[in-house]
Each structure stands twice: as structure tokens, then as C-alpha cells.
Amino acid sequence: MVETGKQAPNFKLKANNGETVQLSDYKGKNVVLYFYPKDNTPGCTTEACDFRDSHESFADVDAVILGVSPDSEESHKKFQDKYDLPFLLLVDEDHQVAEDYGVWKLKKNFGKEYMGIERSTFIIDKQGVLQKEYRKVKVNGHVEDALNYIKENLS
């Protein structure tokens, strides 16, 4: 399980651009690692577009954005193209990374129970240390909160 103030678990995942990405590739940058349930769903689209619209502001504080969901590389490519997302979307089909970060949870929707991603964001500093975690994220205002945290604490 992840813990604030400790090294964030490294991972190796395929990205929507076909490359394999590791968290350790981003040493020297702040990382916004956000987990979302599914491409092309209303809340996930809003969140992705909010990150897109603030992408330059995150770059200004030396932060990269990485989105993670269990969707396929093809699904991620379509999602990225449709909404012109300027950051990588990572494929966690076996949800191992979601489990490592403690966001693979039992969910309930319309009376059905199933396992899925609990919308969450992790702010990791330039040394790879987890500095802030947001769990059970509500989309509205979240991207601004994450950006302000980095501005106030990591830049």
C-alpha cells in the first residue's frame, strides 16, 4: 500500500503511444498520477479535459500528468484523439498498479457490485516520493486543487 512521505511504487505500463513507461522515467519531474474508471464516460471525460485545459500550468510547475485505467491501448488512443489530450494514458488491464496504489475497490452502481477503479490522484515529487493523495475524487475543482498543491508545496 502507498504511504505519503514514502517512495511511490514504481511501475511499468504500456502507454497509448505504444511505448512502455515507468514511473522512474520521470525522476526530476513532479508527477500527477491519476486513476480513472473508464475512457469516454462522463466523469472521466470531464476530468481528462480539465487536466488537458490545465496542462500548460502543470508544465510551468515542472509536472507531468499520467492517466491510468484498465482500458486497452486502442481505447486510450481513441479517447486521447477524440479530446486532444496532451498527456499519456497508461494501460493497467490487469489492474496490478491500481492494486499497488490501493484504488482497485468494490464498487456499487444501480444495485450491482463489481470491482473497479476508485477515482484517485497521487502527487509524486521529483525524487519519486508520494507527497499527496486524493481518494474518492469529485471531479469538479479537483484539477485546480492538485495544481495549487504543487504550486504551494513542490515548486
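Conventions adopted
Residue numbers here run from 1 along each chain, matching the order of that chain's written sequence. In view of the model being predicted, local features appear only for residues whose pLDDT reaches at least 70, and side-chain atom pairs are presented and counted only at 80 or more, with totals across whole chains, interfaces and linings using the full set of residues. In computing side-chain properties, one takes all heavy atoms of the structure into account and sets aside hydrogens as well as water. UniProt positions are given in the numbering used here, feature names are shortened, and annotations may be inferred rather than shown by experiment. The salt bridge criterion pairs a side-chain nitrogen of Lys or Arg with a carboxyl oxygen of Asp or Glu, the two atoms within 4 Å. Strands here mean DSSP runs of E at least two residues long; helices mean DSSP runs of H or I at least four residues long; both are numbered from the N terminus. Exposure classes here rest on a 1.4 Å probe applied to the protein chains alone. A residue is buried below 20% of its type maximum, exposed above 50%, and partly exposed in between. Only a pair of cysteine sulfur atoms within 2.5 Å counts as a disulfide in this structure description. One requirement defines pairing of two strands: DSSP has to find at least two bridges between them. For every element, the axis is a line fit to its C-alpha atoms; helices are fit only across the contacting stretch, and the angle between N-to-C directions ranges from 0 to 180 degrees. In this description, contact between two residues means that some pair of their heavy atoms is separated by no more than 4.5 Å.

If you look the protein chain up in an unreviewed UniProt entry, it shows as thioredoxin-dependent peroxiredoxin from Sediminibacillus albus. A UniProt comment under Sequence similarities (unreviewed entry) is attached to the protein chain, and it reads "Belongs to the peroxiredoxin family. BCP/PrxQ subfamily." Heading Subunit (unreviewed entry) of the UniProt record for the protein chain holds this comment: "Monomer."

Visitor: I'd love a proper account of the pattern of salt bridges, names of residues and values included.
Guide: According to the stated counting rule, one finds eight salt bridges in the structure shown. The salt bridge involving arginine 119 is made with glutamate 47; its shortest N-O contact spans 2.8 Å. A residue pair is termed long-range when its members are at least 10 positions apart, and arginine 119 in the loop between β7 (112-117) and β8 (120-124) and glutamate 47 in helix α1 (residues 42-53) qualify at 72 residues. Side by side, arginine 119 and glutamate 47 carry an identical accessibility label, which is buried. Residues arginine 52 and aspartate 53 are paired through a salt bridge, measuring 2.8 Å at the closest nitrogen-oxygen approach. Shared partners join several salt bridges into a network, and the residues in it are Lys29, Asp62 and Lys126.

Visitor: I'd like to hear about the state of the cysteines, residue by residue, with values.
Guide: Across all of its chains, the model carries zero disulfides by this definition. Free cysteine: cysteine 44, not disulfide-bonded; nearest cysteine sulfur from cysteine 49 at 11 Å. Residue cysteine 44 is classed as buried on the basis of its relative accessible area, which comes to 1%.

Visitor: Summarise the pairing of strand β6 (residues 104-109); cite the residues concerned and give the values.
Guide: Judged from the six bridges that link them, β6 and β7 form a sheet pairing that is antiparallel. Bridging across to β7, lysine 108 finds its partner in glutamate 113. Adjacent in sequence and paired antiparallel, β6 and β7 are bridged by two residues, among which phenylalanine 110 carries a positive phi angle near 50°.

Visitor: Any details on the sheet that holds β8? Residues and values, ideally.
Guide: One open sheet accounts for seven strands, arranged β2-β1-β5-β4-β3-β8-β9; its pairing is mixed. The open sheet has two edge strands with one neighbour each: β2 (20-22) and β9 (130-134). With direction set aside, neighbouring strand axes in the sheet form an average angle of 30°. As paired strands, strand β1 (residues 12-15) and strand β5 (residues 88-91) are joined by two bridges and run antiparallel to one another. Within β5, the position partnered with lysine 14 by the bridge is valine 91. The sheet strands contacting α1 are β3 (30-35), β4 (63-69) and β8, and the helix crosses β3 at an angle near 165°. Each of β3, β4, β8 and β9 is contacted by helix α5 (residues 142-153), which is oriented at about 160° to β9, the strand it contacts most.

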